[in-house]
Amino acid sequence: GVSHVLTLVLQELSLLCKRDVNGVGMLYDLLRSRWLQALLKIYECLQHYLGKRPVPVTLQARALNREVVELLREAPQCGEIKELRRLLRAPHFKAALLSAHDAVAQKDFEPTLPPLPDNIPENEEAMRIVCLVKNNQPLGATIKRHEVTGDITVARVIHGGLADRSGLLYAGDKLVEVNGVPVEGLEPEQVINIL
């Protein structure tokens, strides 16, 4: 996917960086940025979703059912055709199943996001809400107190761990709250107990 292409581009750019080609260092840093990596993961997930999204064959199953019942009425009558007509005309089939199908098929289940405000300052920090579900497995990340600011930050994300697989936590991320508990003023050991 896109991440594989980006990896190949980064390998090529690293060779050009060593030769000090003009502007390549800036491009290399841009392509290695965490926000771009996260954006590409989101893009790939959306593409995967769009490729697998179920699409109804018809939006009007009840109308199709009526048409089939009429065609069966005109067909030569045998035991199987009579049984099929009886099933297709049954109230629970028509009312419950086909009505539910048509209602679901006509709905739009795509997520809708509110528009971004126009007056967002360029230097404003972005905050992400991350939800990771641990099932008796370690988080796969270490935390530390920042030497200058005193903030609790992610020190390292362990390759293959839960945090790494999710693609949601990065080294250097500031922790503001864990499980609804503000972490400002807490020691890293106290935050680990909350995790």
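Everything in this summary refers to the structure shown in the same document. (Residues numbered from 1 in each chain as written. Predicted model: local features only at pLDDT ≥ 70, side-chain atom pairs only at ≥ 80, totals over all residues. Heavy atoms only, no water.)

1. Side note on the pattern of salt bridges
Inference 1: Within the structure shown, the criterion is met by five salt bridges.
Inference 2: We note a salt bridge from Glu83 to Arg86, for which the minimum N-O separation is 2.8 Å. Of this pair, Glu83 and Arg86 both sit in helix α5 (residues 79–89), three residues apart, which is roughly one turn of the helix.
Inference 3: Using a relative accessible area of 38% as the deciding quantity, one classes Glu83 as partly exposed.
Inference 4: Residue Asp151 is joined to Lys174 by a salt bridge in which the shortest nitrogen-to-oxygen separation is 3.8 Å. Of this pair, Asp151 sits in the loop between β1 (141–145) and β2 (152–157) while Lys174 sits in the loop between α7 (162–166) and β3 (177–178), and the two are 23 residues apart along the sequence.
Inference 5: In this structure Asp151 comes out as partly exposed when scored by relative accessible area, which is 24%.
Inference 6: Taking the relative accessible area as the measure of exposure, Lys174 reaches 48% and is therefore partly exposed. (Salt bridge = Lys/Arg side-chain N within 4 Å of Asp/Glu carboxyl O. Helix = DSSP H or I, 4+ residues; strand = E, 2+ residues; numbered from the N terminus. Buried < 20%, exposed > 50% of the residue type's maximum accessible area, 1.4 Å probe, protein only.)

2. Brief notes about helix α4 (residues 61–74)
Inference 1: Counted at 1.5 Å a residue, the expected span for α4 with its 14 residues is 20 Å, and the 20 Å between its end C-alpha atoms agrees.
Inference 2: Within the span of α4, buried status applies to Ala61, Asn65, Val69 and Leu72. Seen along its axis, α4 keeps its buried residues to an arc of 80°; they face one direction. Relative to its buried face, α4 has exposed residues pointing more than 90 degrees away, namely Arg66, Leu71 and Glu74.
Inference 3: Residues of α4 that are buried make contact with α5 and α6 (91–105). (Expected span 1.5 Å × (residues − 1). Arc of directions from axis to C-beta. Contact = heavy atoms within 4.5 Å.)

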